[in-house]
Amino acid sequence: MKFFVSGGGTGGHFFPALALIECMLERGLSVEFVGSLRGIEYRFKDSIPCKAHFLKSHPFVGKGPLEKAKAVYYALTEGLKLLRHTSHAKGVVFGGYASLPLGFALSLRRKGLYLHEQNSVPSTTNMLLSKFSEKVFITFEHSKRFFPKDKVIKTGLPVRKSLLQNFIKEDIKESFGFDKDKPVLLVMGGSQGASFLNQLATEIFSSLPLQGIHITGERDKDRVESFYKERKLPVKVFAFSEDMSHIYGASDLAISRAGASSITELSLFGIPSLFIPFPFSARNHQFYNAKEIEDLGGGLVIKQEDATRQKVINAIEFILSQKDNFSKNIKRFANPYACQDILREVGA
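Keep in mind the model is a prediction, meaning the values are calculated, not measured.

Caption draft 1: Here's a closer look at the sheet that holds strand E1 (residues 2-6). Pairing within the open sheet is parallel, and its seven strands lie in the order E3-E2-E1-E4-E5-E6-E7. The outermost strands of the open sheet, each flanked by one partner alone, are strand E3 (51-55) and strand E7 (152-154). This sheet shows a mean twist of 20° between the axes of neighbouring strands, independent of strand direction. In the sheet, E1 pairs with strand E2 (residues 30-36) via five bridges, with the strands oriented parallel. Within E2, the position partnered with Lys2 by the bridge is Ser30.

Given below as C-alpha coordinates:
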(Lines give C-alpha, C1' and ligand atoms only; values in the text may rest on other atoms or scores of the structure.)
Protein backbone atom coordinates (compact mmCIF):
# COMPACT_ATOMS: atom_id res chain seq x y z
CA MET A 1 0.00 0.00 0.00
CA LYS A 2 1.30 3.43 -0.96
CA PHE A 3 0.41 6.51 1.09
CA PHE A 4 0.25 10.16 0.10
CA VAL A 5 0.33 13.00 2.61
CA SER A 6 -0.61 16.55 1.64
CA GLY A 7 -0.62 19.79 3.59
CA GLY A 8 0.82 23.20 2.98
CA GLY A 9 0.41 26.79 2.01
CA THR A 10 1.15 27.69 5.64
CA GLY A 11 3.26 26.10 8.35
CA GLY A 12 0.15 25.14 10.30
CA HIS A 13 -0.82 22.72 7.53
CA PHE A 14 2.69 21.66 6.53
CA PHE A 15 4.56 20.82 9.75
CA PRO A 16 1.97 18.37 11.13
CA ALA A 17 2.00 16.65 7.72
CA LEU A 18 5.79 16.42 7.97
CA ALA A 19 5.50 14.89 11.44
CA LEU A 20 3.17 12.20 10.12
CA ILE A 21 5.54 11.44 7.22
CA GLU A 22 8.41 10.93 9.65
CA CYS A 23 6.28 8.50 11.65
CA MET A 24 5.32 6.60 8.48
CA LEU A 25 8.92 6.28 7.35
CA GLU A 26 9.92 4.94 10.77
CA ARG A 27 7.44 2.12 10.17
CA GLY A 28 8.89 1.40 6.75
CA LEU A 29 5.80 2.60 4.86
CA SER A 30 5.88 3.86 1.28
CA VAL A 31 4.87 7.52 1.40
CA GLU A 32 5.02 10.54 -0.90
CA PHE A 33 4.28 14.19 -0.18
CA VAL A 34 2.05 16.51 -2.23
CA GLY A 35 2.29 20.28 -1.83
CA SER A 36 2.16 23.58 -3.67
CA LEU A 37 4.87 25.39 -5.58
CA ARG A 38 3.87 28.62 -3.88
CA GLY A 39 3.49 27.41 -0.27
CA ILE A 40 5.87 27.32 2.68
CA GLU A 41 6.45 23.64 1.94
CA TYR A 42 8.37 24.50 -1.23
CA ARG A 43 10.75 26.70 0.77
CA PHE A 44 11.31 23.78 3.16
CA LYS A 45 11.46 21.12 0.45
CA ASP A 46 14.91 19.95 1.55
CA SER A 47 13.44 18.94 4.94
CA ILE A 48 10.91 16.57 3.38
CA PRO A 49 12.37 13.06 3.82
CA CYS A 50 10.49 11.37 0.98
CA LYS A 51 9.57 11.89 -2.66
CA ALA A 52 7.66 15.15 -3.04
CA HIS A 53 5.31 16.50 -5.72
CA PHE A 54 4.84 20.28 -5.97
CA LEU A 55 1.78 21.35 -7.92
CA LYS A 56 0.35 24.60 -9.29
CA SER A 57 -2.30 24.95 -6.61
CA HIS A 58 -3.57 28.40 -5.65
CA PRO A 59 -5.44 29.85 -2.64
CA PHE A 60 -9.18 30.38 -2.96
CA VAL A 61 -10.51 31.95 0.25
CA GLY A 62 -10.55 35.74 0.28
CA LYS A 63 -9.53 36.07 -3.38
CA GLY A 64 -11.22 37.88 -6.26
CA PRO A 65 -13.22 36.12 -9.01
CA LEU A 66 -10.24 35.66 -11.34
CA GLU A 67 -8.03 34.20 -8.61
CA LYS A 68 -10.83 31.92 -7.45
CA ALA A 69 -11.34 30.64 -10.99
CA LYS A 70 -7.60 29.97 -11.25
CA ALA A 71 -7.66 28.10 -7.92
CA VAL A 72 -10.52 25.86 -9.06
CA TYR A 73 -8.88 25.22 -12.44
CA TYR A 74 -5.59 24.11 -10.92
CA ALA A 75 -7.26 22.01 -8.21
CA LEU A 76 -9.10 20.08 -10.95
CA THR A 77 -6.30 19.76 -13.50
CA GLU A 78 -3.59 18.92 -10.99
CA GLY A 79 -5.93 16.53 -9.22
CA LEU A 80 -6.57 14.68 -12.47
CA LYS A 81 -2.82 14.31 -12.97
CA LEU A 82 -2.61 12.61 -9.58
CA LEU A 83 -5.31 10.10 -10.45
CA ARG A 84 -2.96 7.66 -12.14
CA HIS A 85 -0.65 7.67 -9.09
CA THR A 86 -3.40 6.97 -6.56
CA SER A 87 -5.12 3.87 -7.94
CA HIS A 88 -3.95 1.70 -5.02
CA ALA A 89 -3.18 4.42 -2.49
CA LYS A 90 -4.51 6.08 0.60
CA GLY A 91 -4.02 9.73 1.41
CA VAL A 92 -4.03 11.92 4.53
CA VAL A 93 -4.88 15.54 3.79
CA PHE A 94 -4.06 18.31 6.29
CA GLY A 95 -6.11 21.07 4.69
CA GLY A 96 -5.27 24.30 2.96
CA TYR A 97 -5.32 24.97 -0.76
CA ALA A 98 -2.19 22.86 -1.29
CA SER A 99 -4.16 19.76 -0.25
CA LEU A 100 -7.02 20.20 -2.68
CA PRO A 101 -5.55 18.34 -5.70
CA LEU A 102 -4.84 15.17 -3.71
CA GLY A 103 -8.19 15.44 -1.98
CA PHE A 104 -9.94 15.82 -5.33
CA ALA A 105 -8.11 12.84 -6.85
CA LEU A 106 -9.01 10.53 -3.97
CA SER A 107 -12.58 11.86 -3.90
CA LEU A 108 -12.98 10.77 -7.52
CA ARG A 109 -11.88 7.28 -6.52
CA ARG A 110 -14.43 7.29 -3.69
CA LYS A 111 -11.99 5.64 -1.29
CA GLY A 112 -8.76 6.13 0.58
CA LEU A 113 -9.23 9.77 1.66
CA TYR A 114 -8.57 10.75 5.27
CA LEU A 115 -8.54 14.28 6.65
CA HIS A 116 -6.82 15.97 9.54
CA GLU A 117 -8.18 19.27 10.82
CA GLN A 118 -5.70 21.19 12.95
CA ASN A 119 -7.87 24.06 14.16
CA SER A 120 -11.12 24.40 16.07
CA VAL A 121 -12.82 25.96 13.03
CA PRO A 122 -12.07 23.93 9.87
CA SER A 123 -10.46 25.07 6.66
CA THR A 124 -12.66 25.43 3.59
CA THR A 125 -10.71 22.59 1.95
CA ASN A 126 -11.49 20.13 4.73
CA MET A 127 -15.12 21.19 4.88
CA LEU A 128 -15.48 20.45 1.16
CA LEU A 129 -13.60 17.15 1.27
CA SER A 130 -15.25 15.79 4.41
CA LYS A 131 -18.23 14.59 2.34
CA PHE A 132 -15.91 12.18 0.51
CA SER A 133 -13.54 11.19 3.30
CA GLU A 134 -13.52 7.96 5.24
CA LYS A 135 -12.49 9.58 8.53
CA VAL A 136 -11.77 13.05 9.87
CA PHE A 137 -9.10 13.41 12.55
CA ILE A 138 -9.40 16.48 14.77
CA THR A 139 -7.33 18.38 17.33
CA PHE A 140 -10.04 20.38 19.14
CA GLU A 141 -13.42 19.24 20.47
CA HIS A 142 -14.96 22.36 18.92
CA SER A 143 -14.36 20.90 15.44
CA LYS A 144 -16.82 18.06 15.92
CA ARG A 145 -19.83 20.24 15.08
CA PHE A 146 -18.55 20.85 11.53
CA PHE A 147 -18.14 17.25 10.34
CA PRO A 148 -20.28 14.09 10.05
CA LYS A 149 -20.32 12.60 13.55
CA ASP A 150 -19.69 9.05 12.38
CA LYS A 151 -16.42 10.07 10.73
CA VAL A 152 -14.81 12.16 13.47
CA ILE A 153 -11.97 10.85 15.65
CA LYS A 154 -10.06 13.09 18.04
CA THR A 155 -6.38 12.21 17.69
CA GLY A 156 -4.69 15.48 18.50
CA LEU A 157 -2.03 17.08 16.32
CA PRO A 158 1.05 15.18 15.11
CA VAL A 159 4.32 16.74 16.24
CA ARG A 160 7.84 15.95 15.15
CA LYS A 161 9.73 13.38 17.20
CA SER A 162 12.48 15.88 18.04
CA LEU A 163 10.00 17.65 20.33
CA LEU A 164 9.07 14.52 22.26
CA GLN A 165 12.10 14.49 24.53
CA ASN A 166 12.48 14.50 28.30
CA PHE A 167 14.69 17.09 29.96
CA ILE A 168 15.60 18.23 33.46
CA LYS A 169 14.23 21.79 33.56
CA GLU A 170 16.87 23.11 35.96
CA ASP A 171 19.68 21.91 33.67
CA ILE A 172 18.15 23.56 30.61
CA LYS A 173 17.61 26.82 32.47
CA GLU A 174 21.26 26.86 33.46
CA SER A 175 22.30 26.19 29.84
CA PHE A 176 20.57 29.47 28.93
CA GLY A 177 22.31 31.26 31.79
CA PHE A 178 19.12 31.59 33.84
CA ASP A 179 18.65 31.29 37.58
CA LYS A 180 17.14 27.82 37.92
CA ASP A 181 14.97 28.89 40.87
CA LYS A 182 13.21 31.79 39.10
CA PRO A 183 10.37 31.51 36.55
CA VAL A 184 11.10 31.84 32.84
CA LEU A 185 8.47 33.50 30.64
CA LEU A 186 8.36 32.47 26.97
CA VAL A 187 6.88 34.97 24.52
CA MET A 188 6.20 33.87 20.95
CA GLY A 189 4.05 35.54 18.36
CA GLY A 190 3.83 32.90 15.67
CA SER A 191 4.26 33.62 11.98
CA GLN A 192 1.58 36.33 11.86
CA GLY A 193 0.93 39.37 13.95
CA ALA A 194 4.04 39.18 16.14
CA SER A 195 4.56 42.94 16.36
CA PHE A 196 1.81 43.50 18.92
CA LEU A 197 3.18 40.80 21.23
CA ASN A 198 6.73 42.05 20.74
CA GLN A 199 5.82 45.51 22.00
CA LEU A 200 3.72 44.10 24.82
CA ALA A 201 6.55 41.81 25.91
CA THR A 202 8.99 44.70 26.34
CA GLU A 203 6.47 46.34 28.68
CA ILE A 204 5.95 43.13 30.67
CA PHE A 205 9.63 42.32 31.12
CA SER A 206 10.22 45.95 32.19
CA SER A 207 7.50 45.63 34.85
CA LEU A 208 7.97 42.14 36.33
CA PRO A 209 11.04 40.40 37.81
CA LEU A 210 11.02 37.60 35.26
CA GLN A 211 13.63 35.88 33.15
CA GLY A 212 12.55 35.29 29.61
CA ILE A 213 12.89 33.86 26.14
CA HIS A 214 11.40 36.04 23.43
CA ILE A 215 10.92 34.76 19.86
CA THR A 216 10.32 37.90 17.84
CA GLY A 217 10.41 37.01 14.15
CA GLU A 218 13.01 38.58 11.86
CA ARG A 219 11.57 42.09 11.56
CA ASP A 220 11.70 43.14 15.22
CA LYS A 221 14.60 41.07 16.47
CA ASP A 222 17.36 43.72 16.54
CA ARG A 223 15.12 46.42 18.04
CA VAL A 224 13.81 44.17 20.80
CA GLU A 225 17.22 42.72 21.61
CA SER A 226 18.70 46.23 21.94
CA PHE A 227 15.86 47.22 24.27
CA TYR A 228 16.63 44.39 26.68
CA LYS A 229 20.39 44.91 26.55
CA GLU A 230 20.12 48.62 27.29
CA ARG A 231 18.04 47.87 30.38
CA LYS A 232 20.09 44.82 31.38
CA LEU A 233 17.00 42.61 31.44
CA PRO A 234 17.59 38.80 31.57
CA VAL A 235 15.80 37.99 28.30
CA LYS A 236 17.19 35.81 25.50
CA VAL A 237 16.01 36.92 22.05
CA PHE A 238 15.64 34.74 18.95
CA ALA A 239 14.20 35.61 15.56
CA PHE A 240 13.14 31.97 15.36
CA SER A 241 14.49 28.68 16.63
CA GLU A 242 14.89 25.20 15.19
CA ASP A 243 15.50 23.84 18.69
CA MET A 244 12.15 24.53 20.30
CA SER A 245 12.41 21.50 22.58
CA HIS A 246 15.09 23.24 24.66
CA ILE A 247 13.18 26.52 24.68
CA TYR A 248 10.01 24.81 25.87
CA GLY A 249 12.05 22.80 28.35
CA ALA A 250 13.38 25.97 29.98
CA SER A 251 10.01 27.76 30.14
CA ASP A 252 7.63 27.93 33.10
CA LEU A 253 4.82 29.91 31.46
CA ALA A 254 4.12 31.55 28.12
CA ILE A 255 2.43 34.42 26.33
CA SER A 256 1.50 33.15 22.90
CA ARG A 257 -0.73 33.40 19.89
CA ALA A 258 -3.12 30.46 19.62
CA GLY A 259 -2.26 28.46 16.53
CA ALA A 260 -2.88 24.72 16.79
CA SER A 261 0.83 23.81 16.69
CA SER A 262 1.79 26.33 19.39
CA ILE A 263 -1.01 25.14 21.67
CA THR A 264 -0.15 21.48 21.13
CA GLU A 265 3.55 22.00 21.79
CA LEU A 266 2.94 24.09 24.91
CA SER A 267 0.55 21.45 26.21
CA LEU A 268 3.03 18.62 25.61
CA PHE A 269 5.49 20.42 27.86
CA GLY A 270 2.84 21.39 30.42
CA ILE A 271 3.50 25.12 30.01
CA PRO A 272 0.56 27.17 31.33
CA SER A 273 -0.14 30.00 28.93
CA LEU A 274 -1.77 33.33 28.44
CA PHE A 275 -3.15 33.27 24.92
CA ILE A 276 -3.69 36.47 22.95
CA PRO A 277 -5.23 35.12 19.73
CA PHE A 278 -4.33 36.68 16.40
CA PRO A 279 -7.51 38.71 15.76
CA PHE A 280 -7.47 38.24 11.99
CA SER A 281 -7.15 34.46 11.87
CA ALA A 282 -9.57 32.76 9.47
CA ARG A 283 -13.04 32.54 11.05
CA ASN A 284 -11.45 33.65 14.32
CA HIS A 285 -10.22 30.10 14.83
CA GLN A 286 -7.37 31.12 17.15
CA PHE A 287 -9.85 32.46 19.69
CA TYR A 288 -11.77 29.17 19.73
CA ASN A 289 -8.51 27.21 19.90
CA ALA A 290 -7.48 29.17 22.99
CA LYS A 291 -10.91 29.00 24.66
CA GLU A 292 -10.70 25.21 24.69
CA ILE A 293 -7.52 25.41 26.77
CA GLU A 294 -9.03 28.02 29.08
CA ASP A 295 -12.07 25.77 29.58
CA LEU A 296 -9.71 22.94 30.56
CA GLY A 297 -8.10 25.17 33.15
CA GLY A 298 -4.76 25.14 31.34
CA GLY A 299 -4.48 28.81 30.48
CA LEU A 300 -6.17 32.18 30.11
CA VAL A 301 -7.38 34.09 27.06
CA ILE A 302 -7.31 37.85 26.53
CA LYS A 303 -8.42 39.32 23.21
CA GLN A 304 -5.85 41.59 21.61
CA GLU A 305 -8.06 44.68 21.94
CA ASP A 306 -8.29 44.03 25.69
CA ALA A 307 -4.64 43.13 26.25
CA THR A 308 -3.46 46.15 28.23
CA ARG A 309 -0.20 45.99 30.14
CA GLN A 310 -1.97 45.80 33.50
CA LYS A 311 -4.44 43.09 32.43
CA VAL A 312 -1.59 40.97 31.11
CA ILE A 313 0.44 41.47 34.30
CA ASN A 314 -2.57 40.44 36.39
CA ALA A 315 -3.05 37.32 34.27
CA ILE A 316 0.62 36.33 34.53
CA GLU A 317 0.60 36.76 38.29
CA PHE A 318 -2.58 34.68 38.57
CA ILE A 319 -1.09 31.86 36.46
CA LEU A 320 2.09 31.87 38.56
CA SER A 321 0.03 31.71 41.76
CA GLN A 322 -1.58 28.45 40.55
CA LYS A 323 1.10 27.24 38.18
CA ASP A 324 0.98 23.57 39.12
CA ASN A 325 -2.77 23.33 38.51
CA PHE A 326 -2.53 25.17 35.20
CA SER A 327 0.36 22.94 34.13
CA LYS A 328 -1.49 19.75 34.99
CA ASN A 329 -4.60 20.89 33.14
CA ILE A 330 -2.93 22.02 29.92
CA LYS A 331 -1.17 18.64 29.72
CA ARG A 332 -4.58 17.01 29.46
CA PHE A 333 -4.96 18.50 25.98
CA ALA A 334 -1.89 16.93 24.41
CA ASN A 335 -1.65 13.52 22.80
CA PRO A 336 2.00 12.54 22.20
CA TYR A 337 0.76 9.47 20.29
CA ALA A 338 -1.25 11.36 17.66
CA CYS A 339 0.79 9.93 14.78
CA GLN A 340 0.37 6.37 15.97
CA ASP A 341 -3.37 6.84 16.47
CA ILE A 342 -3.79 8.21 12.94
CA LEU A 343 -1.82 5.37 11.38
CA ARG A 344 -3.88 2.80 13.23
CA GLU A 345 -7.09 4.33 11.89
CA VAL A 346 -5.86 4.42 8.28
CA GLY A 347 -4.79 0.78 8.50
CA ALA A 348 -1.07 1.41 8.21
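Caption draft 2: Representation of a nonpolar patch on the surface. Together, Phe60, Val61, Val72 and Leu76 make up a nonpolar patch on the protein surface, roughly 330 Å² of accessible area in all. By the secondary structure assignment, Val72 is in helix H3 (residues 65-83).

Caption draft 3: Examining unusual backbone geometry more closely. Within the chain, Arg110 stands out as a residue other than glycine whose phi angle is a positive 65°. Residue classification places Arg110 among the exposed positions, given a relative accessible area of 66%. Here the phi dihedral of Asn284 falls at roughly 55°; this positive angle occurs in a residue that is not glycine. Within the secondary structure, Asn284 is located in the loop between strand E12 (273-275) and helix H11 (285-296). Take Asn284: its relative accessible area is 27%, and that puts it in the partly exposed class.

Rules used in this analysis
- Residues numbered from 1 in each chain as written.
- Predicted model: local features only at pLDDT ≥ 70, side-chain atom pairs only at ≥ 80, totals over all residues.
- Heavy atoms only, no water.
- Pairing = 2+ DSSP bridges.
- Helix = DSSP H or I, 4+ residues; strand = E, 2+ residues; numbered from the N terminus.
- Axes fitted to C-alpha atoms, helices over the stretch in contact; angles between N-to-C directions.
- Patch = residues over 30% accessible without salt bridge, like charges linked within 9 Å, V, L, I, M, F, W, Y side chains within 5 Å.
- Areas by Shrake-Rupley, 256 points an atom, 1.4 Å probe, with all protein chains shown as cover.
- Salt bridge = Lys/Arg side-chain N within 4 Å of Asp/Glu carboxyl O.
- Buried < 20%, exposed > 50% of the residue type's maximum accessible area, 1.4 Å probe, protein only.

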